[in-house]
Amino acid sequence: MKRLLIVVLCSFCLFGLKAQFRLDYHASYASYNMSDMSDLMQTIKSGEPFKSFGMEIVEDFPAYIAHSVNVGYRLNRHEFGIKSGYYSTGGKISVGDYSGKINVALTTNGYREGLYYRNYLYTFKDRFSLWGEVSPAIIISTLNIETVLTDVDISEVMEEADYNMNAYSVLLQLGGKYYINRVISLDLSGGYEISSRGQNDRLIGSPRPDWSGLRLTGGVGFSF
């Protein structure tokens, strides 16, 4: 009975503080500092048996679209909760002629799981808010290396290997929120993520994926 009373009292307190449950989806243009992965690709390119084929780098871990979801509570100027995200980029070396081609593709994915705290710095007429955010997280990285040989008749996967690595990161952002109505809002923000590198000693030179980079983000949110 006492526990029930405590829950009821806490609920009334939250409503009194104008607490809101929030669900947000964001898509970001995200760049990454994948220098170690680029070095690994150069090592593969210059090693045997690929060295003699004259292979060239055709993709070198470019910026790509990232996705994230926030689930949290807002209490007046303060918002806090859980932030989950997904990053992806890759590299490729290739050579080909009329008789066929060889591709070596390196695909790196990052699964970001963390917390976030957002402070609403300024609000104008309940329509527009400026905010700052900090989000610490762990990033679980996967690296897939696939070698594919293709000729006029067949396409065969010659080799495929998977590796897992963990790293830590902190994302810092500044943004603005526009409220379409009491439920739906739109966000635009810019920021930078600082990431440690998740080392894997199973690979030559122990290369480390580094998800540090610029984040330009837009998204939609819902308040309940």
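**Student:** Got a minute to help me understand helix α2 (residues 35-46) in this structure?
**Tutor:** Working note: α-helix, 3.6 residues per turn, so residues spaced by three or four point in the same direction. Its 12 residues place the ends of α2 17 Å apart at the C-alpha level, agreeing with the 16 Å of an ideal helix rising 1.5 Å per residue. Every buried residue belonging to α2 is among D36, M37, S38, L40, M41 and I44, and all of these are buried. Buried positions along α2 lie against β2 (56-60), β4 (78-97), β5 (100-124) and β6 (128-151).

**Student:** Sorry, what's going on with the pattern of salt bridges here?
**Tutor:** Note on pairing: side chains with opposite charge can pair once their charged atoms come close. What the rule picks out here adds up to 10 salt bridges. R208 is the partner of D36 in a salt bridge, and the nearest nitrogen-oxygen pair spans 3.3 Å. Taken together, the residues span a long stretch of sequence, with D36 in helix α2 and R208 in the loop between β8 (184-195) and β9 (213-223) at a distance of 172 residues. The partner of R118 in a salt bridge is D187, and the shortest N-O contact between them spans 4.0 Å. A residue pair is termed long-range when its members are at least 10 positions apart, and R118 in strand β5 and D187 in strand β8 qualify at 69 residues.

**Student:** What exactly am I supposed to notice about the confidence of the model for the protein here?
**Tutor:** For any part of a model where pLDDT is low, the fine detail of the predicted coordinates should not be relied upon. Predicted confidence across the protein gives a mean pLDDT of 86, with 85% of residues reaching 70 or more. This model gives residues 1-17 a pLDDT under 50, and the stretch forms three contacts once residues within four places in sequence are excluded.

**Student:** Would you explain unusual backbone geometry in this entry?
**Tutor:** Negative phi is the rule for most residues except glycine; trans is the rule for most peptide bonds. Residues other than glycine seldom take positive phi values, yet K125 does so here, at roughly 50°. Relative to the assigned elements, K125 resides in the loop between β5 and β6.

**Student:** I keep staring at the nonpolar core and nothing clicks. Help me out?
**Tutor:** Soluble globular proteins tend to pack their nonpolar side chains together in the buried interior. Counting residues in hydrophobic clusters, the biggest one holds 23 residues, and the most contacted among them are Y32, I44, V104, L106, L143 and I145. At the level of elements, α2, β4, β5, β6 and β7 (155-179) are the ones that each hand at least two residues to this core. Counting residues per element, this core draws most heavily on α2, at four residues. If we skip the residues at most four places from it in the chain, I44 touches F50, I93, V104 and L106.

**Student:** Sorry if this is basic, but what is going on with the environment of E160 here?
**Tutor:** Relative to the helices and strands, E160 resides in strand β7. In sequence terms E160 and V104 are 56 residues apart; their C-alpha atoms lie 9.6 Å from each other. Discounting residues that sit within four places of it in the chain, E160 has contacts with N144, I145 and E146.

**Student:** Help me understand the packing of aromatic side chains in this model?
**Tutor:** Given two aromatic rings, their pairing is described by the distance between the two centres and the angle made by the two planes. Per the stated rule, a full pass over the model turns up six aromatic pairs. On the basis of an interplanar angle of 50° and a centroid distance of 5.6 Å, the ring pair of Y32 and Y87 is categorised as tilted. Here Y87 lies in strand β4 and Y32 lies in the loop between β1 (20-30) and α2, a separation of 55 residues in the sequence. With respect to class, Y32 is no different from Y87; both count as buried.

Criteria and thresholds
- Within any chain, residue numbers begin from 1 and follow the written order of that chain's sequence.
- Totals for whole chains, interfaces and linings use all residues, but because this is a predicted model, local features are given only for residues with pLDDT of at least 70 and pairs of side-chain atoms are given and counted only at 80 or more.
- Here the side-chain values reflect all heavy atoms present in the structure, with hydrogen atoms and water set aside.
- For helices the rule is a DSSP run of H or I covering at least 4 residues; for strands it is a run of E covering at least 2, with both sets numbered from the N terminus onward.
- Any helix carries an expected span of 1.5 Å times its number of residues minus one.
- Burial status follows relative accessibility: with a 1.4 Å probe on protein chains alone, a residue under 20% of its type maximum counts as buried, one over 50% as exposed, and anything between as partly exposed.
- Contacts between residues were defined by any pair of non-hydrogen atoms, one from each residue, lying within 4.5 Å.
- Salt bridges are identified by distance alone: a Lys or Arg side-chain nitrogen within 4 Å of an Asp or Glu carboxyl oxygen.
- Known as pLDDT, the predictor's confidence for each residue is given on a scale from 0 to 100.
- Here, nonpolar core refers to any group of buried Ala, Val, Leu, Ile, Met, Phe, Trp, Tyr and Cys residues whose side-chain atoms link them within 4.5 Å.
- Pairs were defined over the aromatic rings of Phe, Tyr and Trp, the Trp ring being its six-membered one, requiring ring centres within 6.5 Å. Orientation was assigned from the angle between planes: stacked under 30 degrees, edge-to-face over 60, tilted for the rest.

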